[in-house]
Amino acid sequence: MLIHETARTAWRSLAQNRLRTALTALGMIIGVTAVIAVLAIGEGAKASVEGRIRALGSNLLTVRPERAQGAVRSARVETLVRADADAIAELDGVEGVSPESTGTAQVKYREANLSSSIQGVTADFLPLRSLDVASGIGFSPDDDLGRARVAILGANVAYELFGDRSAIGERIQIAGNGFTVVGVLGAKGDVGFMSPDDMVLVPLGTHEGVLFGQSYLGAITVKVRSEGESEDVRERIGELLRLRHRLRADAPDDFEIRSQTEMLATMGAITGTFTALLGSVAAVSLLVGGIGIMNIMLVSVRERTREIGVRMAVGARRRDILLQFLVEAVVVSIFGGLVGIFLGWLAAFAIARFGGWETIIPTYAYGLALGVSIAIGIVFGVGPARRASTLDPVEALRQE
Amino acid sequence: MSLAHEPPTRAAQTPVVIEELRKIYHADRAELAVRAVDGISFRIERGESVAIVGPSGCGKSTLLHVLGCLDRPTSGRYFLEGRDVARLDEDERAAARNRHIGFVFQSFNLLPRMDAVENVELPLLYAGQRDTRARALRALERVGLADRAHHRPNELSGGQKQRVAIARALVTEPSIVLGDEPTGALDSRTGREVMELLGRLHAEGTTIVLVTHDLSVARSQDRVIRMRDGKIVGDGPAAAEIEAFVQENAGEIA
Ligand SMILES: Nc1ncnc2c1ncn2[C@@H]1O[C@H](COP(=O)(O)OP(=O)(O)O)[C@@H](O)[C@H]1O
Ligand SMILES: [Mg+2]
């Protein structure tokens, strides 16, 4: 039989059993929808990371302490101090520095209570990171020197503590110490870790002297005058710090310098890994969809045993029967794939619209979904089709 | 009358030649073995019409399935249009069913989701031919159902269904039409109509072999083969064999 006749036969048999066809395709539909949605979320996350890289520019360097070689894992990393930051600020090509200290503490306002990342920063932090307060004011150099008990809240922290009310001028407790809220940051809407939305900022002097009692820094952010100088400045900082830390020529660095771009690239890679992980979960549902097809095709072969016998009696070869059922399985799986693509597109749209996540369906996803659908139709259709094609004609005609 | 030593060249001129044909079910387990067809030989000439009669379970259907290349014999030889069927592979057997055999079943066996003309078209599609629709319509015309071409089986009466099935059997112009109790599911009037149709086709030159219970059906064929326990107990002109058959059964009842 000609292939288009086979396709027509398959199509008719499917069209005449709409409910069964829909149920057969259901697993595929769900699987493809999930895959498309996951890919769209992953691609959207990647795009938003890339957008942040562009927004930041690549002229920020981050200096972090590095655990000295040979030190035990849990050893405190205590290499960077404020004097290092002051020295870096004097280097050629450096436009600004922001020494930062990190810690975690309980933040309370009346009944509201949450554990938050507490960042010790100077007045230079906000401009350097291109951040700004949505209400209130930033820190002044005096806040730092005088260990003022003032705080700036990230947007999420402010919302959790105060809801829609204004936080400015209110008194909160950080690790049991009273602080006055002087500012609230504008929401960045970032997903991912270390988002400023989830931080509480306090003056660096206060962070060291009042809250955590340590004078070692978590990081120094350095703003380079122009992107082209980034590598030179990095080298200069390296030399300076090795000198200041009196490292011998054969000793490794006790610090690490990375550009903001590198850090975001790492985040991008992590996003990619997540996408791959979720994608594989979605792919498992495709497998389930394939098993669904196989299951219903087996039922269909059983139901239509007599039809198979009749077709054989009038001259169908085994391969004609095989092809007919295989084509049916593939048509169902392509149908499921197409509906899944459409629903995945809808889901991506809905996630962007109502979930606030950026979603982008990569063009390769359409081809992938369709290709995988066809492959699943073949892989899971071939078993039932073989069973149909190897039936004994006399037995098949006796059915029912 | 033994055909076992006839040279194959003569067999080539005859649509069907079988020699010492046997079909034994469960041949490997003696206590279960059923000798459904037990050493049958005959030949069917082109243009003949033959009725096979015999008590239920005597092996008529089994014999017909072997003749229709739906089933393989356990032993013996079968020449279809001069070709040794035992030597055909699966695909060639399918092609033989398609080209040389037209099967008519008691229960019609039309595909329920296809209309009449599509059912008739089916063998032509498997033959990979062109112009299938026009030829299917002509076959429907031959059985007088051109006006029902687009009716589905459930919209047709039993007699009409069997006529569609006959059109399907005829459409490839096979060497032989095999019918396993083709009137068995019909009332006597429609049964007669179907037999009239088969009679007309026979008059037009079609070779026909029918299994039947109905002596009036058997009587209207040229030749009758009587079977019992998988063996032929009589083979000759219809009138004589039917007389023998009636006497045999009368003796049994008495
Ligand atoms: N698939 C089978 N397995 C075992 N025995 C069978 C099978 N088909 C038919 N038979 C037996 O073979 C004998 C002949 O059956 P059949 O050809 O259908 O007889 P008829 O058509 O003359 O009534 C019967 O005894 C039947 O029970
Ligand atoms: Mg029978």
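Residues numbered from 1 in each chain as written. Chains lettered and ligands numbered in written order. Predicted model: local features only at pLDDT ≥ 70, side-chain atom pairs only at ≥ 80, totals over all residues. Heavy atoms only, no water.

Undergrad: Help me out: how do you make sense of the overall build of chain B in this one?
TA: Each helix and strand in chain B was counted, giving 9 helices and 10 strands. Its C-alpha atoms give chain B a radius of gyration of 18 Å, within 12% of the compact-globule value 18 Å for 254 residues. With the principal axes as the frame, chain B shows a C-alpha extent of 50 × 45 × 35 Å. Classification of the 254 residues of chain B by burial places 53% in the buried group. For chain B, the proportion of contacts with a sequence separation of at least 24, taken over those separated by at least 6, is 67%. In the form shown here, chain B has an accessible surface area of approximately 11,400 Å², with 48% of it arising from carbon and sulfur atoms. A gap of 3 Å separates the mean positions of the 34 positive and 37 negative side-chain charges of chain B. (Helix = DSSP H or I, 4+ residues; strand = E, 2+ residues; numbered from the N terminus. Rg over C-alpha atoms; globule rule 2.2 N^0.38 Å. Buried < 20%, exposed > 50% of the residue type's maximum accessible area, 1.4 Å probe, protein only. Contact = heavy atoms within 4.5 Å. Areas by Shrake-Rupley, 256 points an atom, 1.4 Å probe, with all protein chains shown as cover. Lys, Arg positive; Asp, Glu negative; His and termini not counted. Charge placed at Lys NZ, Arg CZ, Asp CG, Glu CD.)

Undergrad: Just to check I follow, could you spell out a nonpolar patch on the surface for this structure?
TA: All names here are of chain A. Taken together, the side chains of Phe342, Leu343, Trp345, Leu346 and Tyr366 make up a nonpolar region of the molecular surface, amounting to roughly 450 Å² of accessible area. A per-element tally of the nonpolar patch places helix H11 (residues 318–354) first, with 4 residues. Residue position: Phe342 is located in helix H11. Owing to a relative accessible area of 46%, Phe342 belongs among the partly exposed residues under this scheme. (Patch = residues over 30% accessible without salt bridge, like charges linked within 9 Å, V, L, I, M, F, W, Y side chains within 5 Å. Salt bridge = Lys/Arg side-chain N within 4 Å of Asp/Glu carboxyl O.)

Undergrad: What is the right way to read the domain arrangement of chain A from this model?
TA: Where the parts come together, the accessible area they lose is often given as the size of the interface. Domain annotation for chain A reports domain 1 (3–52 + 265–398) and domain 2 (67–253). Spacing between the C-alpha centres of domain 1 of chain A and domain 2 of chain A amounts to 52 Å. (Domains from an automatic or database assignment.)

Undergrad: When you look at the sheet that holds strand E3 (residues 49–53) of chain B in this model, what are you seeing that I'm missing?
TA: Backbone hydrogen bonds are what pair the strands of a sheet, in a parallel or an antiparallel way. Residue and element names in this part refer to chain B. An order of E6-E7-E8-E3-E9-E10 is seen for the 6 strands of this open sheet, with the pairing classed as mixed. The strands lining the two open edges of the sheet, one partner per strand, are strand E6 (101–104) and strand E10 (231–237). Along the sheet, successive strands turn relative to each other by an average axial angle of 15°, direction set aside. Both strand E9 (residues 223–228) and E10 contribute to a ladder of 6 bridges, which runs antiparallel. Paired with Arg228 across the strands is Lys231, a residue of E10. This element, helix H3 (residues 90–100), spans E6 and strand E7 (176–180) of the sheet and lies at about 75° to E6. Of the strands in this sheet, E6 and E7 are in contact with helix H6 (residues 158–170), which crosses E6 at around 170°. (Pairing = 2+ DSSP bridges. Axes fitted to C-alpha atoms, helices over the stretch in contact; angles between N-to-C directions.)

Undergrad: Where do I start with the packing of helix H4 (residues 116–126) of chain B against helix H5 (residues 132–142) of chain B in this structure?
TA: Two quantities define a packed helix pair, namely the angle between the helix axes and the distance between the axes. Residues and elements named next belong to chain B. Orientation of H4 relative to H5, taken along the N-to-C sense of each, is 120°, at an axis distance of 8 Å. The pairing of H4 with H5 is recorded here as oblique in orientation. Crossing angle aside, the handedness with which H4 passes H5 is right-handed. Contact residues: Ala116, Val117, Glu118, Val120, Glu121, Leu124 and Leu125 in H4; Thr132, Arg133, Arg135, Ala136, Leu137, Ala139 and Leu140 in H5. (Parallel < 35°, antiparallel > 145°, perpendicular 65-115°, else oblique. Left-handed = near helix turned anticlockwise from the far one by under 90°.)

Undergrad: Looking at this model, I keep getting lost on the site of ligand 1. Mind explaining?
TA: Around ligand 1 sit 13 residues, and of these Gly57(B), Gly59(B), Lys60(B), Ser61(B) and Thr62(B) come closest. At ligand 1, the nearby residues belong to more than one chain, namely chains A and B. In the environment of ligand 1, an oxygen atom lies 2.9 Å from a nitrogen or oxygen atom belonging to the backbone of Lys60(B). In this structure, an oxygen atom belonging to ligand 1 sits 2.5 Å away from a side-chain N or O atom of Thr62(B). Compared with its free state, where it exposes 560 Å², ligand 1 has 69% of that area covered by protein. Elements with a contribution of two residues or more to the shell around ligand 1: helix H13 (393–398) of chain A together with strand E2 (34–44) and helix H2 (60–67) of chain B. The leading source of residues in the shell around ligand 1 is H2(B), at 3 residues. Grouping the amino acids of the shell around ligand 1 by side-chain chemistry returns 4 nonpolar, 6 polar and 3 charged. (Near = heavy atom within 4 Å. Polar contact = N/O pair within 3.5 Å; in protein donor to acceptor, adjacent residues only side chain to side chain. Nonpolar A, V, L, I, M, F, W, Y, C, P; charged D, E, K, R; others polar.)

Undergrad: I keep staring at the packing of aromatic side chains and nothing clicks. Help me out?
TA: All names here are of chain A. Going through the model one piece at a time under the given rule, you end up with 4 aromatic pairs over all chains. Relative to Phe349, the ring of Trp345 lies with its centre 6.3 Å away and its plane at 15°, an arrangement referred to as stacked. Here Trp345 pairs with Phe349, and both are found in helix H11, just 4 residues apart, close to one helical turn. Since its relative accessible area comes to 48%, Phe349 is described here as partly exposed. (Phe/Tyr/Trp six-rings, centres within 6.5 Å; stacked < 30°, edge-to-face > 60°.)

Undergrad: So what exactly am I meant to see when it comes to the environment of Ile88(A) here?
TA: Residue and element names in this part refer to chain A. Looking at the secondary structure, you find Ile88 in helix H3 (residues 82–89). Ile88 sits in the buried class, given a relative accessible area of 0%. In this structure, the C-alpha to C-alpha distance between Ile88 and Val49, residues 39 residues apart in sequence, is 28 Å. If near-sequence neighbours (up to four positions away) are discounted, Ile88 is found in contact with Val94, Val97, Ile220, Val222, Ile237, Leu240 and Leu241.

Undergrad: What exactly am I supposed to notice about the side chain of Gln162(B) here?
TA: Relative to the assigned elements, Gln162(B) resides in helix H6. Once residues within four sequence positions are removed from consideration, Gln162(B) is found in contact with Val104(B), Phe105(B), Gln106(B), Phe108(B), Pro182(B), Leu186(B) and Val194(B).

Undergrad: Just to check I follow, could you spell out H3(B) for this structure?
TA: Given 3.6 residues per helical turn, the α-helix brings residues three or four places apart onto the same face. All of the buried residues along H3(B) are Arg93(B), Ala94(B), Ala96(B), Arg97(B) and Asn98(B). If you follow the buried residues of H3(B), they end up packed against helix H10 (305–313) of chain A together with strand E4 (75–80), E6 and H4 of chain B. Between a side-chain oxygen at the N-terminus of H3(B) and the backbone nitrogen of Asp91(B) the separation is 3.1 Å; the capping residue is Asp89(B).

Undergrad: What's the story with the nonpolar core in this structure? I'm lost.
TA: For soluble globular proteins, the rule of thumb is that nonpolar side chains tend to be buried together. One finds Val16(B), Ile18(B), Phe42(B), Leu63(B), Leu67(B) and Tyr78(B) to be the most contacted residues of the largest nonpolar core, which totals 70 residues. Broken down by element, the residue count for this core peaks at 8 residues, all from helix H2 (residues 18–56) of chain A. Within the second largest apolar cluster, 31 residues are counted, among which are Leu145(B), Val177(B), Leu186(B) and Met195(B). (Core = buried A, V, L, I, M, F, W, Y, C linked by side-chain atoms within 4.5 Å.)

Undergrad: Please explain the pairing of strand E8 (residues 199–203) of chain A as it appears in this structure.
TA: For a regular strand, side-chain orientation follows a simple rule: the groups alternate between the two sheet faces. Residues and elements named next belong to chain A. Among the 5 residues that make up E8, 5 are buried, leaving the element largely enclosed by the rest of the structure. Across 5 bridges, strand E3 (residues 112–121) lies against E8 in parallel orientation. Each bridged residue has a counterpart across the sheet, and for Ile118 the counterpart in E8 is Val200. Summarising the sheet, strand E5 (residues 150–153) and E8 pair through 2 bridges and their orientation is antiparallel. Counterpart to Leu153 in the pairing with E8 is Val200.

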